[in-house]
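Topology and contacts: notes
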Amino acid sequence: MNVAILASGRGSNAEAVFKRARDGALANARPVCLISDNPQAPALEVARKFGIPCAFIGAQKDGSKGFCRESVSEYISALNSAKAELVVLAGFMRILPPEFIEAFKNRIINLHPSLLPSFKGKNAIKQAYDSGVKVCGCTVHFADNSLDGGKIIAQSAVEIPENCSLENLEKLVHEAEHKLLPQVIADISEGKIKIGDA
Ligand code: GAR
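Figured I'd write up the structure that's included with this text. (Residues numbered from 1 in each chain as written. Predicted model: local features only at pLDDT ≥ 70, side-chain atom pairs only at ≥ 80, totals over all residues. Heavy atoms only, no water.)

On to unusual backbone geometry. The linkage connecting leucine 116 with the following residue, proline 117, adopts the cis geometry, with an omega of 10°. You can see proline 117 is positioned in the loop between β5 (108–112) and α5 (124–131). With phi around 50°, asparagine 123 is a residue other than glycine that occupies positive phi space. When you line up the elements, asparagine 123 lands in the loop between β5 and α5. Residue asparagine 123 is classed as exposed on the basis of its relative accessible area of 58%. (Helix = DSSP H or I, 4+ residues; strand = E, 2+ residues; numbered from the N terminus. Buried < 20%, exposed > 50% of the residue type's maximum accessible area, 1.4 Å probe, protein only.)

In structure tokens:
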């Protein structure tokens with residue numbers, strides 16, 4: 001199964017996926033490209049390090065949020081050229097428009113650093129930390145065209161230790177993400193988790 005990753009930032013989750021693939025531990029999944037909406041994203045460098053084809057594709061010509069029409073077409077054709085069968089949003093900080101979701105119906109998954117539906121949006125780990133919850137975690141879900149919305153596929157819970165700092169909690173949640181996301185991709189590629197029109 002050909003897997004495309006969309007990432008806007010650091011790329012630590014893309015790296016976790018590429019490492020698993022390199023180590024032969026990603027079942028039938030094969031990373032085929034990484035696309036970023038941010039030309040400075042360290043994620044692009046991560047892809048180069050692993051020899052994965054990568055590209056910057058601007059989403060909005062004027063730098064605003066969302067996608068302009070030409071950009072949606074550019075994204076869809078780049079993903080089609082890479083023969084992507086699964087699109088993974090790994091820290092891709094834009095809401096996809098309906099035509100994008102439709103083009104890869106039930107084949108786009110998003111990673112979010114909270115136990116959804118709690119703490120959607122930016123700084124989810126800080127939101128959880130500030131709220132005083134005792135358990136937080138991360139979620140992989142099908143993407144729809146709402147903020148961190150769509151059917152939940154898998155979650156991993158993280159207990160928040162007493163006197164945990166925000167930095168330490170971020171580390172714990174990211175560690176959980178680095179296990180959960182590759183596992184979900186592997187499970188999808190083996191048909192243990194059904195996607196697409198199935
Ligand atoms: C991850 O924590 C991911 O869950 C989050 O961005 C981070 C990207 O880290 N995504 C969202 O908040 C989506 N709403 P990375 O660039 O190191 O993989």
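Enumeration over the complete set of coordinates arrives at seven aromatic pairs. Relative to phenylalanine 50, the ring of phenylalanine 18 lies with its centre 5.7 Å away and its plane at 50°, an arrangement referred to as tilted. Of this pair, phenylalanine 18 sits in helix α1 (residues 12–22) while phenylalanine 50 is found in the loop between α2 (42–49) and β3 (54–56), placing the two residues 32 residues apart along the sequence. The pair formed by phenylalanine 18 and phenylalanine 50 is uniform in burial state, with each residue classed as buried. A ring pair is formed by tyrosine 75 and phenylalanine 100, whose centres lie 6.0 Å apart and whose planes are at 50°; its orientation type is tilted. On the criterion of sequence distance, the pair formed by tyrosine 75 in helix α3 (residues 69–81) and phenylalanine 100 in helix α4 (residues 98–103) is long-range, its members being 25 residues apart. (Phe/Tyr/Trp six-rings, centres within 6.5 Å; stacked < 30°, edge-to-face > 60°.)

Attention shifts here to the site of the ligand. Inspection of the region around the ligand gives 13 residues, with Gly11, Ser12, Asn13, Asp148 and Glu177 positioned closest. Within the contact set of the ligand, an oxygen atom lies 3.3 Å away from a backbone nitrogen or oxygen of proline 113. Contact with the protein chains covers 90% of the free accessible surface of the ligand, which is 450 Å². Elements with a contribution of two residues or more to the shell around the ligand: α1, β5 and α6 (166–189). Considered class by class, the residues forming the shell around the ligand number three nonpolar, seven polar and three charged. (Near = heavy atom within 4 Å. Polar contact = N/O pair within 3.5 Å; in protein donor to acceptor, adjacent residues only side chain to side chain. Areas by Shrake-Rupley, 256 points an atom, 1.4 Å probe, with all protein chains shown as cover. Nonpolar A, V, L, I, M, F, W, Y, C, P; charged D, E, K, R; others polar.)

A separate point is the nonpolar core. In terms of nonpolar packing, the biggest core is built from 44 residues, with Ile5, Ile109 and Ile185 touching the most fellow members. Of the residues forming this core, the biggest block, 10 residues, is contributed by α6. By size, the runner-up hydrophobic cluster in this structure holds 23 residues, among which are Ala4, Leu79, Leu89 and Ile101. (Core = buried A, V, L, I, M, F, W, Y, C linked by side-chain atoms within 4.5 Å.)

Quick look at the pairing of β5 now. Two faces belong to every sheet, and in a regular strand the side chains alternate between them. Among the five residues of β5, five are classified as buried, and the element is accordingly described as predominantly covered. The side-chain alternation of β5 yields two buried faces, one formed by Ile108, Asn110 and His112 and the other by Ile109 and Leu111. Bridge count for strand β4 (residues 86–89) against β5 is three bridges, and the pairing is parallel. Across the sheet, the residue bridging to valine 87 is isoleucine 108, located in β5. Note that the unit made of β4, α4 and β5 has a crossover that is right-handed. Sheet analysis places β5 next to strand β6 (residues 135–142), joined by four bridges and oriented antiparallel. Note on β6: the bridge partner recorded for asparagine 110 is histidine 141. (Pairing = 2+ DSSP bridges. Right-handed = clockwise from strand over helix to strand, strands pointing away.)

A few words on the packing of α5 against α6. Their axes nearest at 10 Å, the elements α5 and α6 cross at an angle of 125°. By the angle between their directions, the pair α5 and α6 is classed as oblique. At the point where α5 passes α6, the crossing takes the right-handed sense. In this structure, α5 contributes Ile125, Lys126 and Tyr129 to the contact, and α6 contributes Leu166, Leu169, Glu170, Val173 and His174. (Axes fitted to C-alpha atoms, helices over the stretch in contact; angles between N-to-C directions. Parallel < 35°, antiparallel > 145°, perpendicular 65-115°, else oblique. Left-handed = near helix turned anticlockwise from the far one by under 90°. Contact = heavy atoms within 4.5 Å.)

Inspection of the secondary structure puts leucine 116 in the loop between β5 and α5. Using a relative accessible area of 6% as the deciding quantity, one classes leucine 116 as buried. C-alpha of leucine 116 to C-alpha of cysteine 33: the two residues are 83 residues apart in sequence and 27 Å apart in space.

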